[in-house]
Amino acid sequence: MHKVVLIPGDGIGPSIAEIAVRIIEAAGVKIEWQRHEAGLTAIDKYKDPLPAHVLEAMRETHVALKGPLTTPVGSGFRSVNVALRQEFDLYANLRPAKTFAGVPSRYQDIDLIVVRENTEEFYAGIEHFIDPSHSAAETIGVVTRAGSERIVRFAYEYARKHNRKKVTTVHKANILKYTGGLFLEVARKVATEYPEIQSNDKIVDNMAMQMVLNPHQFDVIVTTNLFGDILSDLASGLVGGLGLAPGGNIGYNAAIFEAVHGSAPDIAGKNIANPAGILLAGVMMLRHLGEFQAAERIELALASVLREGKKVTRDLNPASGVGTVEMGEEILKKMAEA
Ligand code: NAD
């Protein structure tokens, strides 16, 4: 029996999380779910977007499946997602981007992994206005040698474990000579320890263009926090958008899996949100827990529903008329038939 914290989240979160839990349970994995609220839902109930009991539960289970949490733009409380990553030192953000047959996308046969540094640089929260009249603001990006080394090593270890052929380091060391330069120096050094894996590096602006023009040349991509944020969404765009994008936030002692999209307040409560992102995050979580067969079963059933393209939410097929619950039930049906 695994113990997992379940944070259903805000907006569309509870509806897609519920379907994901039903499907994971139907795959035969025994999980004791510890349900907790965070984000806006927790503010309403506890006046705190990240109540202490969520952190305590995470310290006990070390694993969470999380729905999207709403973060106010520009002011208000800081992102709970970022706070969780920092609290548990979830230094690696793993963002796979894979094409599924039947899902409209620009390319076929894409299977990319973006490994984003998750705790440093511009997300360290060192920012302020420089004077009382707010005439200018500063955000300070800190890149450390140790932080760079562990994320680059994570990417190479991932590549080795999953038989990936190539790791591309992305940076802006021509302009950010210190932070970018340090990251690149460390990456080139770590690369020498993995001679069986091809290594190269690219400046981020060129990388963005190359990913759009010829994404098949890439395999595993490793980069700093802000570039990773942007390039991982770009990678999702190559395979049909955020609706199918999962992410894992992984540290030495804890991991949180989530859909990449947000809480989508515009469609909350309408039974039209696509549950595939959080379900694929659940699949990543099952592999993290060593439940490989269940993960495979769910992924195959989802792939089959996507391939047929009929019982899918309207973001995937505007003519389908099918909602979150019906798409989830179709996945359950495919699993039962397999
Ligand atoms: P969003 O991802 O919530 O929505 C962007 C667009 O995509 C919207 O039109 C939405 O309807 C659509 N969409 C998103 N998920 C969908 C799904 N599963 N099925 C179908 N359509 C879907 O981005 P946003 O509107 O910029 O952000 C809303 C809130 O979510 C913000 O408060 C933001 O901070 C938060 N957010 C949270 C996370 C997270 O918890 N990891 C990630 C991104 C954004």
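In this report, the structure presented in the accompanying data block is examined. All residue numbers here refer to positions counted from 1 along the written sequence of the relevant chain. It should be noted that, the model being predicted, local features are given only for residues of pLDDT at least 70 and side-chain atom pairs only at 80 or more, the latter also being counted only at that level, while totals for whole chains, interfaces and linings use all residues. Side-chain numbers come from the whole structure's heavy atoms, not from hydrogens or water.

Side-chain atoms within 4.5 Å are what join buried Ala, Val, Leu, Ile, Met, Phe, Trp, Tyr and Cys residues into a set we call a nonpolar core. To sort residues, take the accessible area from a 1.4 Å probe on protein chains only and compare it with the maximum for the residue type: under 20% means buried, over 50% means exposed, and anything in between is partly exposed. Counting residues in hydrophobic clusters, the biggest one holds 73 residues, and the most contacted among them are Leu65 and Met285. Two residues form a contact once any of their heavy atoms are found within 4.5 Å. Filtering out sequence-adjacent residues up to four positions away, Met285 remains in contact with Val4, Ile24, Ile31, Trp33, Val63, Ala64, Leu65 and Phe257.

Let us now look at the layout of surface pockets. Here a cavity denotes grid points, spaced 1 Å and computed from the protein atoms alone, that fit a 1.4 Å probe unable to get out, and a pocket denotes an open set having protein on both sides within 12 Å along at least 5 of 7 lines; residues with an atom within 4 Å of a point are the lining. Grid points are joined across faces, edges and corners, and a volume is the space filled by probe spheres set on the points. Looking at the largest pocket, its volume works out to about 820 Å³. Within the residue set of the lining of the largest pocket, elements represented by two or more residues are β4 (92–98), β5 (111–117), α5 (145–161), β11 (246–250), α9 (276–288) and α10 (292–308). Helix and strand definitions here come from DSSP, where helices need a minimum of 4 consecutive H or I residues and strands a minimum of 2 consecutive E residues; each element is numbered from the N-terminal end. No other element matches α9, which puts five residues into the lining of the largest pocket.

What follows covers unusual backbone geometry. Residues other than glycine seldom take positive phi values, yet Asn163 does so here, at roughly 55°. Here Asn163 lies in the loop between α5 and β8 (166–171). Residue Asn163 is classed as exposed on the basis of its relative accessible area of 62%. Of note in the backbone geometry, Asn271 takes a positive phi value of approximately 55° without being a glycine.

Consider each residue's heavy atoms; a residue with any of them within 4 Å of a molecule or strand counts as near. Around the ligand, 19 residues are found, and the nearest of them are Leu69, Thr71, Gly262, Ala264 and Asn274. Whenever a nitrogen or oxygen atom comes within 3.5 Å of another N or O atom, the pair is scored as a polar contact, on the condition that within protein one atom can donate a hydrogen and the other can accept it, and that pairs from neighbouring residues in sequence are kept only if both atoms are in side chains. Separating an oxygen atom of the ligand from a backbone N or O atom of Leu69 is a distance of 2.8 Å. Residue Asn274 places a main-chain N or O atom 2.8 Å away from a nitrogen atom belonging to the ligand. Amino acids outside the nonpolar list (Ala, Val, Leu, Ile, Met, Phe, Trp, Tyr, Cys, Pro) and the charged list (Asp, Glu, Lys, Arg) are all regarded as polar, and Gly is one of them. Partitioned by chemical class, the residues of the shell around the ligand number eight nonpolar, seven polar and four charged.

On to the pairing of strand β9 (residues 198–203). Regular strands place their side chains on alternate faces of the sheet. One requirement defines pairing of two strands: DSSP has to find at least two bridges between them. Bridge analysis of β8 against β9 gives six bridges, and the strand direction is parallel. Paired with Thr169 across the two strands is Asp201, which belongs to β9. With helix α6 (residues 179–191) bridging β8 and its parallel neighbour β9, the resulting β-α-β unit is right-handed. For a crossover, the right-handed case is the one in which the path from the first strand over the helix to the second runs clockwise, viewed with the strands pointing away from the viewer.

Further remarks concern the packing of aromatic side chains. Two aromatic rings from Phe, Tyr or Trp, using only the six-membered ring of Trp, form a pair when their centres are within 6.5 Å; if the ring planes differ by under 30 degrees the pair is stacked, by over 60 it is edge-to-face, and anything between is tilted. Overall, the coordinates contain three aromatic pairs when judged by the stated rule. Their ring planes at 85° and their centres at 6.0 Å tell us that Tyr91 and Phe154 sit as a pair that is edge-to-face. Linking Tyr91 in the loop between α4 (80–87) and β4 with Phe154 in helix α5, this pair joins segments that are 63 residues apart in sequence. Phe154 shares its class with Tyr91; the two are buried. With a centroid separation of 5.0 Å and an interplanar angle of 40°, the aromatic rings of Tyr91 and Tyr252 are classed as tilted. On the criterion of sequence distance, the pair formed by Tyr91 in the loop between α4 and β4 and Tyr252 in the loop between β11 and β12 (255–259) is long-range, its members being 161 residues apart. A network of ring pairs unites the aromatic residues Tyr91, Phe154 and Tyr252 as a single cluster. One residue, Arg116, lies across the ring of Tyr123, its end atom 5.0 Å from the ring centre. Ring-over charges, as used throughout, are those where CZ of Arg or NZ of Lys falls within 6 Å of the ring centre and within 35 degrees of the ring normal.

Don't take any of this as a statement about function, it's just geometry.
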